[in-house]
Amino acid sequence: MSVKRRALVIGILLFIMTSIGGIASRISAHEVWPPLQPKVTAKVKGDQITYLIWLQNKSDGKVQAIDLRFRVPHATKLVETWAGVPNVNRGTFDGRDVSWYHDSVAAGASEGPFVVVVQVDPWNPDHPHGTVSAYAWTQWRGGNAVSDPLVMQNPMTPPATIISDAEEKRGLIHIEYYGTWRNFNDLRDQVANWAQGQDSGRRIALEKIERLEATLHHVPWPTAKLDMAATGMHEGLHPVEDGLKAQNVAATQAALQKVSNAFHDLTHAFYDDWVAGTQGVVGHVMPHIGYVDISANIADLRTQVANWAAGDDLGRRISLEKVDRMGWVIPHIVWPGIMVGSVVELKEALGAVKEGLQAKDVAATQAALAKVSEASHSLTHDFYDRWIAGRRGMKAHAVVHVTYQDIWGNVNDLRDQVANWAKGQDSGRRIGLEKVDRLEALFGHVDWPKEMKHPIGELEEAIHGVEKGLRAQDLAATQGAITKVSEAFHDLTHEFYESIEPRRPAAPPVMPPAAMPAAPEMPGMPAMPPVTARPSLDAALVAQGSALFTSKGCAACHGPAGEGGIGPRLTHWHEADVIQSAVSKGSGIMPPFSLTDTEMRAIIAFVQSLAQ
């Protein structure tokens, strides 16, 4: 090798060694390489986080060929990215990391912002509450050197509590329709019970009418068809109420048939027009409402298919309606990821049921219905065990409504399962324990309004008694606890409808008689049956009852004016025999009282005087 060539090689080697030494000295001086450190700030708004990232060169020289990498937080969805100016230089996203390549950053300079916007998945079971963590780091393309990652943690408001006004309104309309459905079905059952000789059916039916009237009058029905049907149903309830008060069974049944026709119109306007007309509703309460709606329709579908199998073709036609309604509810809602698999299975099974119904093939329909039951079972476990259990203390009017309705359904199912166990079916005991678990999850799901906290506490305590009896396989203890559950739920229901469910507006002021023109008689109008008003109360009896209410210790539990406390509120109307039974036999933790006939009449008069 010539001297010139040897000198050139030595010079190159010296340059390389010097460069390596320079790099080594910079690594030593800055401890990490590259010396570009990301600085990240975050802005949280609702369920979205906007990350702003700057690159800071902390060295005394220019740094070249750098990758900035940002790890999208777990259980979030990438919304948008850009650098410097919106919609410019979006970088690349590989499904996990967002990255930008940067040619160079001058000594002591900062470059940015690099922007990443993500949306927190409110239904991900990994963090429905708590902290969202993001990572940012730089990587030098001149080698394998990577800076220490910067960790950015953002405490998030539990996404399940972020309920928009639009979702609140839509959710209330949906759940109020559902409440109307349940109360109307109960009204029909109670009128049937009364027709068979049970006078309690008449009294309970009057309560159902009050609840239906309050709901129908209050809901801002969103379409003309819905509003017209609701108005017709509301007006039709008045003759039913008159018949009940007049204790006229035939008049009540005739009036109830007209209300049934109006409710049929309401149902078609609700599902066929309103629900079917909207798909992909996103929200944090809508999955709960949708689940409750679908569960009730599946239960009705089973009944109607059984009726058809027994020879009633009406059951087949109603079953087709039920399948169509669930087919509209399913796409109406954006379902949480943890429930999507079960919802898809349910939709496919319902399609097979529809095919069997249309082909009038009972066996094929029943086989498909078995698959519906399997998919529904999976959906129920996904819903309660993974979705409801991860969301506690939610605050919203629609959440209170749907959770009350869900509790109502589970309490009824629990009573049925305990009855099945009493008949020798041990599956009733096992299913009863599942119902207890679901009820306990529902109790903690809501930050209950103060008016409902006491009855919820009593119901929760009674449910614990049921659980204890079921686990001990003690039927008598379980049945005793179920009685307390029924009493506590009765108090919860009154508190819900009187304090939480908006009441109908106050009646307009009545004009003085002299100023009111006489209404003309309408030809051909039949006379209305007489309306039985609440009885007038003897002032002396009321005063005597007030003194007894205090001296017997009633006021200590129920409040001096019946406003409630340890015991339930007494400000809703009670018939005399209901009050007498509760006082003489005891109720819940209240002991029985032995009173003379005069004292009993006085207590009854005072309690009735408390009704608002």
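This section reports on the structure supplied with the text. Residue numbers restart at each chain and count upward from 1, following the sequence in its written direction. Local features in a predicted model are, by the rule used here, given only for residues with pLDDT of at least 70; side-chain atom pairs are given and counted only at 80 or more, and totals for whole chains, interfaces and linings are based on all residues. Side-chain metrics rest on all non-hydrogen atoms present in the structure, leaving aside hydrogens and water.

1. Points about the overall build of the chain
Starting at the N terminus, helices and strands are each numbered in turn, a helix being any DSSP run of H or I of at least four residues and a strand any DSSP run of E of at least two. Assigned secondary structure in the chain consists of 17 helices and 9 strands. Expressed as a percentage of its 612 residues, the buried residues of the chain come to 44%. Every residue pair with non-hydrogen atoms within 4.5 Å of one another is taken to be in contact. Within the chain, contacts between residues separated by at least 24 positions form 76% of all contacts whose residues are at least 6 apart in sequence. For the chain, the accessible area works out to roughly 29,900 Å², and carbon and sulfur atoms hold 55% of it. Residue burial is assigned from relative accessible area. The probe radius is 1.4 Å, only protein chains are included, and a residue is buried under 20% of its type maximum, exposed over 50%, and partly exposed in between. For the accessible areas, the method is Shrake-Rupley and the probe is 1.4 Å, while residue cover comes only from the protein chains on display.

2. As for the layout of surface pockets
Roughly 410 Å³ of internal volume is contained in the second largest pocket. Buried and open spaces are told apart on a 1 Å grid over the protein atoms alone, a cavity being a set of points where a 1.4 Å probe fits but cannot get out and a pocket being an open set with protein on both sides within 12 Å along at least five of seven lines. Residues with an atom within 4 Å of a point are the lining residues. Arg-188, Phe-263, Ile-318, Lys-322 and Arg-325 are the residues nearest the centre of the second largest pocket, which is lined by 17 residues in total. When contributions to the lining of the second largest pocket are tallied by element, the ones reaching two or more residues are helix H2 (165-195), helix H5 (249-275), helix H6 (286-309) and helix H7 (313-332). The dominant element in the lining of the second largest pocket, judged by the number of residues it contributes, is H5, at 5 residues. In this classification, the charged set is Asp, Glu, Lys and Arg, the nonpolar set is Ala, Val, Leu, Ile, Met, Phe, Trp, Tyr, Cys and Pro, and all remaining amino acids, among them Gly, are polar. For the lining of the second largest pocket, the residue count by class is 5 nonpolar, 7 polar and 5 charged. Grid points are joined across faces, edges and corners, and a volume is the space filled by probe spheres set on the points.

3. A word on the nonpolar core
To define a nonpolar core, start from buried Ala, Val, Leu, Ile, Met, Phe, Trp, Tyr and Cys residues and group those joined through side-chain atoms within 4.5 Å. Counting 107 residues, the largest nonpolar core has Leu-187, Met-233, Leu-266, Leu-346, Ile-407 and Leu-459 as the members making the most contacts within it. If we skip the residues at most four places from it in the chain, Leu-459 touches Ile-407, Phe-443, Val-485, Ala-488, Phe-489 and Leu-492. One finds Val-40, Leu-55, Val-116 and Ala-136 within the second-largest nonpolar core, a separate group that totals 17 residues.

4. So, the packing of helix H16 (residues 576-585) against helix H17 (residues 597-609)
Geometrically, a packed helix pair is captured by the angle between its two axes and the distance between the axes. Orientation is described by axes fitted as lines to C-alpha atoms, over the contacting stretch for helices, and by angles from 0 to 180 degrees between their N-to-C directions. Running from amino to carboxyl end, H16 crosses H17 at an angle of 120 degrees, the nearest separation of the two axes being 10 Å. Between H16 and H17, the angle falls in the class oblique. Where H16 crosses over H17, the two elements pack in a sense that is right-handed. Taken together, the residues of H17 that come into contact with H16 (itself represented by Ala-576, Ile-579, Gln-580, Val-583 and Ser-584) are Met-600, Ile-603, Ile-604, Val-607 and Gln-608. Considering only residue class, the contact of H16 with H17 consists of 7 nonpolar, 3 polar and no charged. Should an angle fall under 35 degrees it is called roughly parallel, over 145 degrees roughly antiparallel, and 65 to 115 degrees roughly perpendicular, with every other angle called oblique. Crossings are assigned a handedness: left-handed for a near helix turned anticlockwise from the far helix by less than a right angle, right-handed for a clockwise turn.

5. Regarding the pairing of strand S6 (residues 97-105)
Residues in a regular strand point their side chains to alternate faces of the sheet. Sheet analysis places strand S3 (residues 63-71) next to S6, joined by 8 bridges and oriented antiparallel. Across the sheet, Val-63 pairs through a bridge with Val-105, a residue of S6. The sheet contact formed by strand S5 (residues 92-93) and S6 spans 2 bridges and is antiparallel. Paired with Thr-92 across the bridge in S6 is Ser-99. Between any two strands, at least two bridges found by DSSP are needed for them to pair.

6. Some thoughts on the packing of aromatic side chains
Note on aromatic contacts: the rings of Phe and Tyr and the six-membered ring of Trp form a pair at centre separations within 6.5 Å, being stacked when their planes are under 30 degrees apart, edge-to-face when over 60 apart, and tilted otherwise. Enumeration over the complete set of coordinates arrives at 20 aromatic pairs. Ring centres of Tyr-177 and Phe-270 lie 4.1 Å apart, and the angle between their planes is 10 degrees; on these two criteria the pair is classed as stacked. Note that Tyr-177 is positioned in helix H2 and Phe-270 in helix H5, a separation of 93 residues in sequence. Of the residues examined, Tyr-177 reaches a relative accessible area of 2% and is grouped as buried. Take Phe-270: its relative accessible area is 0%, and that puts it in the buried class.

7. A look at helix H14 (residues 539-551)
For a helix, the expected span equals 1.5 Å multiplied by the number of residues minus one. The end-to-end C-alpha separation of H14 is 19 Å, in line with the 18 Å expected for 13 residues at 1.5 Å each. All of the buried residues along H14 are Val-542, Gly-545, Leu-548 and Phe-549. All buried residues of H14 project into a common sector of 125 degrees when viewed along the axis, lining one side. Residues of H14 that are exposed and angled more than 90 degrees away from the buried face: Ala-539, Ala-540, Thr-550 and Ser-551. Residues of H14 that are buried in the fold lie against helix H15 (554-558) and H17. Polar contact is defined as a pair of N or O atoms within 3.5 Å, subject to the rule that within protein one atom must be able to donate a hydrogen and the other to accept it, and that residues adjacent in sequence are counted only when both atoms are side-chain atoms. Regarding H14, its N-cap is Asp-538, as a side-chain oxygen of that residue lies 2.8 Å from the backbone nitrogen of Ala-540 further along. Downstream of H14 by one or two residues, Gly-553 has phi in the positive range, about 85 degrees. Regarding the arc, it is the one traced by the directions from the helix axis to the C-beta atoms.

8. What to know about unusual backbone geometry
The step from Gly-112 to Pro-113 runs through a cis peptide bond, and the omega angle for that step is 0 degrees. Among the structural elements, Pro-113 can be located in strand S7 (residues 110-120). Look at Asn-87: it is not a glycine, yet its phi comes out positive at around 70 degrees. The exposed category is assigned to Asn-87, whose relative accessible area is 55%. Within the chain, Lys-360 stands out as a residue other than glycine whose phi angle is a positive 55 degrees. Inspection of the secondary structure assignment puts Lys-360 in the loop between helix H8 (337-358) and helix H9 (362-387).

9. Remarks on the pattern of salt bridges
Salt bridge criterion: a side-chain nitrogen from Lys or Arg within 4 Å of a carboxyl oxygen from Asp or Glu. One pass over the structure, following the stated rule, counts 22 salt bridges. Taking the shortest distance from any N to any O, the salt bridge between Arg-429 and Asp-426 comes out at 3.2 Å. With Arg-429 and Asp-426 both in helix H11 (residues 426-445) and 3 residues apart, this pair spans about one turn of that helix. The exposure class assigned to Arg-429 is buried, which follows from its relative accessible area of 12%. Residue Asp-426 is classed as partly exposed on the basis of its relative accessible area, which comes to 31%. Between Lys-450 and Glu-451 there is a salt bridge; the shortest N-O distance is 3.9 Å.

10. Quick look at the environment of Asp-272
Turning to its location among the elements, Asp-272 is positioned in helix H5. Residues Asp-272 and Glu-321 lie 49 residues apart in sequence; the distance between their C-alpha atoms is 9.8 Å. Leaving out residues up to four positions away in the same chain, Asp-272 has contacts with Thr-267 and Trp-328. Among the polar contacts listed, one links the side chain of Asp-272 to the side chain of His-268, at a separation of 2.7 Å.

11. Section: the sheet that holds S7
Here we have 4 strands laid out as an open sheet, ordered S1-S2-S7-S4, and antiparallel in their pairing. Because the sheet does not close on itself, it has two edges, and the strands there are strand S1 (36-45) and strand S4 (76-83). The sheet shows a mean angle of 20 degrees between the axes of neighbouring strands, direction not considered. In this structure, S4 lies alongside S7, joined through 7 bridges in antiparallel fashion. Bridge assignment links Leu-78 to a residue of S7, and that residue is Val-118.

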